[in-house]
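One-letter residues, chain by chain:
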Amino acid sequence: MTARKRYWLMKSEPDAFSIDDLKRVGQEPWNGVRNYQARNFMRDGMKVGDGILFYHSNTKVPGIVGLATVATEAYPDDTQFDPKSDYYDPKATRETPRWLLVDVAFERKLRDTISLDEIKLHADALGEGFALTARGNRLSIVPVTAAQWKLLLSLEKH
């Protein structure tokens, strides 16, 4: 029996790494995550083949801009070991890494952004537990149920 496919929403600032960047490179390590809950989602929850809603944050129109998949199991984020990196962690060692990442692979770009404002119009249908519409949520990675995934993708213009 195979494990059930899971779904995730992963936020990136387009100035740092956009859906167009992912399309260009095809697959990329999702490095620089320095939140334990987000790290734990990658370490304990994500499996190869899981679906990703690629979300642009900190932009004029924040929202879902594309689809990707989890391409690798979690492994140590090398940026934690590099003193020149913005993501350096002096407490991390190769023997006991603190930060992990997964690689994400491009699937497709949406025709139009599914804006946060539009997503908020469906907050009741998405449910109280949907982190993107919860006040004060700043996580860069959040789980998405199969029903939420389906509803969110139904908002894409055809």
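What you see is a predicted model, and the numbers here were worked out from it, not measured in a lab.

Enquirer: Provide a residue-level description of the nonpolar core, including the pertinent values.
Expert: Formed by 40 residues in total, the largest nonpolar core has its most connected members in Leu-53, Ile-64, Ile-141 and Leu-152. Beyond its immediate sequence surroundings of up to four residues, Leu-152 is in contact with Leu-53, Ile-64, Ile-114, Ile-119, Leu-126, Phe-130 and Val-144.

Enquirer: Which residues make up the sheet that holds strand E2 (residues 27-29), and what values go with them?
Expert: If you walk across this open sheet you meet the six strands as E2-E7-E4-E3-E1-E8, and the pairing is mixed. Looking at the sheet topology across the chains shown, the edges are occupied by E2 and strand E8 (141-144). Adjacent strand axes in the sheet meet at a mean angle of 35°, parallel and antiparallel pairs treated alike. Where E2 meets strand E7 (residues 103-115), three bridges bridge the pair, whose relative direction is antiparallel. Residue pairing across strands places Pro-29 opposite Asp-103, the latter belonging to E7. Along the sheet, helix H2 (residues 36-45) contacts strand E1 (7-12) and E8; its crossing angle with E8, the most-contacted strand, is approximately 50°.

Enquirer: Could you give an account of the pattern of salt bridges, naming the residues involved and the relevant values?
Expert: Enumeration over the complete set of coordinates arrives at eight salt bridges. Of the charged contacts in the structure, one is a salt bridge between Arg-111 and Glu-156, with a shortest N-O distance of 3.3 Å. One end of the pair, Arg-111, is in strand E7; the other, Glu-156, is in the segment after helix H5 (146-154), with 45 residues separating them in the sequence. Among the charged side chains, a salt-bridge network with shared partners connects Arg-108, Arg-111 and Glu-156.

Enquirer: Which residues make up the UniProt feature "domain: EVE" (unreviewed entry) in the chain, and what values do they have?
Expert: Within this structure's numbering, the places UniProt gives as "domain: EVE" (unreviewed entry) are residues 6-154. Each end of residues 6-154 is marked by a C-alpha atom, and these two atoms are 18 Å apart; helix forms 23% of the span and strand 30%.

Enquirer: Which residues make up the side chain of Thr-79, and what are the values?
Expert: Mapped onto the elements, Thr-79 comes out in the loop between strand E5 (75-76) and strand E6 (100-101). Dropping the residues within four chain positions of it, Thr-79 is found in contact with Asn-31, Gly-32, Arg-34, Ser-85, Tyr-87 and Tyr-88.

Enquirer: Tell me about H5, and name the residues and values.
Expert: Buried within H5 are the following residues: Gln-148, Trp-149, Leu-152 and Leu-153. Within H5, the buried residues cover an arc of 125° as seen down the axis, which keeps them to one side. Along H5, the residues that are exposed and aim more than 90 degrees away from the buried face are Ala-147, Lys-150 and Ser-154.

Enquirer: Outline the pairing of strand E4 (residues 63-70), listing residues and values.
Expert: Most of E4 is tucked away: eight of the eight residues are buried. With antiparallel pairing between neighbouring strands as the criterion, strand E3 (residues 51-56) and E4 make up a hairpin whose turn holds six residues, including Asn-58 at a positive phi of roughly 50°. In terms of strand pairing, E4 meets E7 through seven bridges, oriented antiparallel. Within the sheet, the bridge partner assigned to Val-70 lies in E7 and is Val-104.

Conventions and cut-offs
- Residues numbered from 1 in each chain as written.
- Predicted model: local features only at pLDDT ≥ 70, side-chain atom pairs only at ≥ 80, totals over all residues.
- Heavy atoms only, no water.
- Core = buried A, V, L, I, M, F, W, Y, C linked by side-chain atoms within 4.5 Å.
- Buried < 20%, exposed > 50% of the residue type's maximum accessible area, 1.4 Å probe, protein only.
- Contact = heavy atoms within 4.5 Å.
- Pairing = 2+ DSSP bridges.
- Helix = DSSP H or I, 4+ residues; strand = E, 2+ residues; numbered from the N terminus.
- Axes fitted to C-alpha atoms, helices over the stretch in contact; angles between N-to-C directions.
- Salt bridge = Lys/Arg side-chain N within 4 Å of Asp/Glu carboxyl O.
- UniProt positions renumbered as here; feature names shortened; annotations may be inferred.
- Arc of directions from axis to C-beta.

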